[in-house]
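Here are the chains, one letter per residue:
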Amino acid sequence: MSTHSDSRTPQVSEIDVEDLAPDQAKHELARLAALIANANTAYHRDDSPVMSDAEFDALRARNAAIEARFPDLIRPDSPSAQIGAAPAEGFGKIRHARRMLSLSNAFDDDDVANFVTGIRRFLGLAPDAALAFTAEPKIDGLSLSLRYENGALVHAATRGDGETGEDVTANARTIVDIPEGLEGAPEILEVRGEVYMSHTDFAALNQRQAERGGKTFANPRNAAAGSLRQLDPTITAARPLRFFAYAWGETSAPLAATQTEAIARLEKLGFATNPRFRRCATLKEMLATYAEIEAQRAALGYDIDGVVYKLDDLALQQRLGLRSTTPRWAIAHKFPAERAWTMLQGIDIQVGRTGALSPVARLCPVTVGGVVVSNATLHNEDYIAGRDSRGAPIREGRDIRIGDWVEVYRAGDVIPKLRDVDLTRRLKGATPFQFPETCPECGSPAIREPGDSVRRCTGGLICPAQQIERLKHFVSRSAFDIEGLGAKQVEAFWRDGWVETPRDIFTLEARFGPGQPRKLKNREGWGEKSAQNLFAAIDEKRRIGLARFLFALGIRHVGETTAGMLAAHYGNWDALRRAMAEAQPGSEAEADLLAIDGVGPVLARALVTAFDAEASEIDALAEMLEIEPAEARASDSPVAGKTLVFTGTLERMTRAEAKARAEVLGAKVAGSVSAKTDLLIAGPGAGSKAKKAADLGVEVIDEEGWLRLIGEG
Ligand code: IVH
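Figured I'd write up the structure that's included with this text. (Residues numbered from 1 in each chain as written. Predicted model: local features only at pLDDT ≥ 70, side-chain atom pairs only at ≥ 80, totals over all residues. Heavy atoms only, no water.)

### A word on the overall build of the chain
Each helix and strand counted, the chain has 25 helices and 24 strands in total. Here the C-alpha radius of gyration of the chain, 30 Å, is about what a compact globule of 713 residues would show, namely 27 Å. Seen along its three principal axes, the alpha-carbon backbone of the chain occupies a region of about 110 × 65 × 65 Å. Of the contacts formed within the chain by residues at least 6 apart in sequence, a portion of 66% connects residues at least 24 apart. In the structure as shown, the chain presents an accessible area of about 34,900 Å², 50% of it carried by carbon and sulfur atoms. Between the mean site of the 87 positive side-chain charges and the mean site of the 101 negative ones, the chain shows a separation of 2 Å. (Helix = DSSP H or I, 4+ residues; strand = E, 2+ residues; numbered from the N terminus. Rg over C-alpha atoms; globule rule 2.2 N^0.38 Å. Contact = heavy atoms within 4.5 Å. Areas by Shrake-Rupley, 256 points an atom, 1.4 Å probe, with all protein chains shown as cover. Lys, Arg positive; Asp, Glu negative; His and termini not counted. Charge placed at Lys NZ, Arg CZ, Asp CG, Glu CD.)

### Describing the packing of helix α12 (residues 464–475) against helix α13 (residues 487–495)
Packing of α12 against α13 leaves a shortest axis separation of 9 Å and a crossing angle of 140 degrees. In this structure, α12 crosses over α13, and the sense of that crossing is right-handed. Contact residues: Pro464, Gln467, Ile468, Leu471, Lys472 and Val475 in α12; Ala487, Val490, Glu491 and Trp494 in α13. Within the contact of α12 with α13, the residues separate by chemical class into 7 nonpolar, 1 polar and 2 charged. (Axes fitted to C-alpha atoms, helices over the stretch in contact; angles between N-to-C directions. Left-handed = near helix turned anticlockwise from the far one by under 90°. Nonpolar A, V, L, I, M, F, W, Y, C, P; charged D, E, K, R; others polar.)

### As for the packing of aromatic side chains
Using the criterion set out here, one finds 17 aromatic pairs in the structure. Consider the rings of phenylalanine 244 and tyrosine 302, whose centres lie 5.5 Å apart with planes at 65 degrees: the pair is edge-to-face. You can see phenylalanine 244 sitting in strand β8 (residues 242–251) and its partner tyrosine 302 sitting in the loop between α9 (283–296) and β10 (304–311), a full 58 residues away along the chain. Overall, the relative accessible area of 8% leaves phenylalanine 244 in the buried class. Among the residues examined, tyrosine 302 registers a relative accessible area of 8% and is labelled buried. Their ring planes at 15 degrees and their centres at 5.7 Å tell us that phenylalanine 493 and tryptophan 498 sit as a pair that is stacked. Tryptophan 498 matches phenylalanine 493 in its accessibility class, with the two residues each being buried. These aromatic residues form a ring-pair network of at least three members: Phe474, Phe480, Phe506, Phe549, Trp573 and Phe611. (Phe/Tyr/Trp six-rings, centres within 6.5 Å; stacked < 30°, edge-to-face > 60°. Buried < 20%, exposed > 50% of the residue type's maximum accessible area, 1.4 Å probe, protein only.)

### A word on the site of the ligand
The environment of the ligand is formed by 13 residues, the closest being Pro137, Ile139, Glu194, Tyr246 and Lys310. In the model, a nitrogen atom of the ligand is placed 3.1 Å from a nitrogen or oxygen of the lysine 310 side chain. Coverage of the ligand by the protein chains reaches 89% of its 520 Å² of free accessible surface. When residues of the shell around the ligand are traced back to their parent elements, those giving at least two are β3 (133–139) and β10. With 4 residues, the single largest contributor to the shell around the ligand is β3. In terms of residue class, the shell around the ligand is built from 8 nonpolar, 1 polar and 4 charged. (Near = heavy atom within 4 Å. Polar contact = N/O pair within 3.5 Å; in protein donor to acceptor, adjacent residues only side chain to side chain.)

### Quick look at the sheet that holds β10
Across the sheet, which stays open at both edges, the 5 strands sit in the order β2-β11-β10-β3-β9 with mixed pairing between neighbours. Each edge of the open sheet is held by one strand with a lone partner, namely β2 (105–106) and β9 (278–280). With 3 bridges joining them, β3 and β9 adopt antiparallel strand pairing. Of the residues in β9, the one forming a bridge with alanine 135 is arginine 278. Its contacts with the sheet place helix α3 (residues 109–123) against β2, β3, β10 and β11 (330–334), and it is angled at close to 170 degrees to β11. (Pairing = 2+ DSSP bridges.)

### Let's talk about the side chain of glutamate 657
Within the element layout of this structure, glutamate 657 appears in helix α23 (residues 655–664). You can call glutamate 657 buried: its relative accessible area is 2%. Excluding residues that lie within four positions of it along the chain, glutamate 657 makes contacts with Phe122, Leu123 and Arg319.

Here it is, written out as structure tokens:
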């Protein structure tokens, strides 16, 4: 009850929520909606707040309390409807001028030592030649790319798939560490770094959210991601995000000559950079910095999950170049994973896209490093039985049984794993786990081929699990990436028999579009507009690049990189399709396939078998599409599009560097000489390959000739 000592009638705004009559509540909700909207505009558009954060929060809390009491009165423009709004699908897309990379990982000192030795080897440096690295915390947030043109922030994009990210410019502008304008910057400058939330801000946000009945977050990283990916920038603004700059993308002029100077330059331009950044002259110093940062970890006030080392000299970074998604000149030295003990309640068997039966541990929920874990991977049947793929004991041969106490760990974002089992707590009568020999989804025999650690369902496309997983893979981001058709939607279509194979996606409109008896727009969750949008999005993907198409087929062992390699090698669909049909054991087409660097007998067999077994499905699908030839790499180098083989000793650069350079210039590098080889680069000591090249009439040049050809002679 509210009590008022004076006799005047209280204003509605002064009445306690419990005492409001319905018509008063209605008025009050209208007043609050207007006030809050006004405060938002004043704060964000006009940069002139009309109230304190505390007052603002109080208004929102009052609004939420009234809505809780009078749910029927909730307004369509309710301010609380915007809180925790689903990270919407409505962001524009931005293509990064330079790909946003991720990092390869080192898990112990040996991995770091190998990283350094590998770089020396690549560059052909003596083991004692000076080689400096930088070391800095690996922030556990999400990466962001900021593009400045003539000193002004023009856009901000999330990493996305590394090539294209989401346009979060309006949200990035609300982050205090991100300058709107830069003085003395190159005309074009893309600054990259990590958005994160501090521990204190995270705790306060969760408390506020809980008080308002909003969504709470599992950890600061999720909170940062959820806050940055809000369609309404006023929500982002109300969440205290921070940003550390640690890298860059496109620049119209070099920032500096070393990583250390470049970071100092970014700092001078007004960015926050990490105060624990160090330059290290030796491996010993790198590892000492790691130990130092690890010791400070708990006191930093924000989450980090390791230390990143980068080669200091930017010209050397350039020479080392990139692998498909990671630079050769940097590595993340991860902190040991976090662990916890819990009980194994059961083991489920999941059937994947290629029929693999994967055991999943169902755990009594336990918190591991701040995240509640209730599932963990058990890899395969050998792992459960306590042996590795070669039959050698793991966990000293201890098997895992339902009801056991098990130790769970997680490292970074990966799926939690089991580390160990406590035999002293094993229940009497617990029996070894019997791995199924038939598919739990379709009942077909599940067999293990010699040398394969995985048992697979032999049901192929009659197995519902394989059907659905393939469809999900087909529409995934790196495959067809159809806007509005994600795993959830395609699974629902599959369940109702609307889509069984990828082909059916492209006939959806003909079957469920305008004029059809059953219509997509009448399905739950769909409407006129969303149905139209989906049909348009599907149509748009009828044109698809060769590599994507091949990856989307979901053939075993064919990941994105392999698909890209195969696409580059064969160039167009017809050539690839023909080669797959012809590449039977012992054929020339098979030899040609095996000559592609990175293609071994297992991959070759998987490809040929898949194209054989699913010829009609694949061909019918291809018929419905326009498969674009592999993009010729934008290179006018004389080696672009050529197939090269290196043999013998090179003196001016290592073999690895030569290969990387050739690939950057658009050449394909093969491991052996065949009729398809355009050029053999032979150093001293070249043996059988040079002979074979001579037999086949392939042009042979030496290292000097190679350097001249690539413009470095
Ligand atoms: S450098 C080529 N430095 O870690 C440079 N990344 O696991 C690319 N990250 O995608 C990144 N702290 O989001 C770099 N000090 C740091 C970092 C860092 C966190 C993130 C970044 C990257 C991911 C890779």
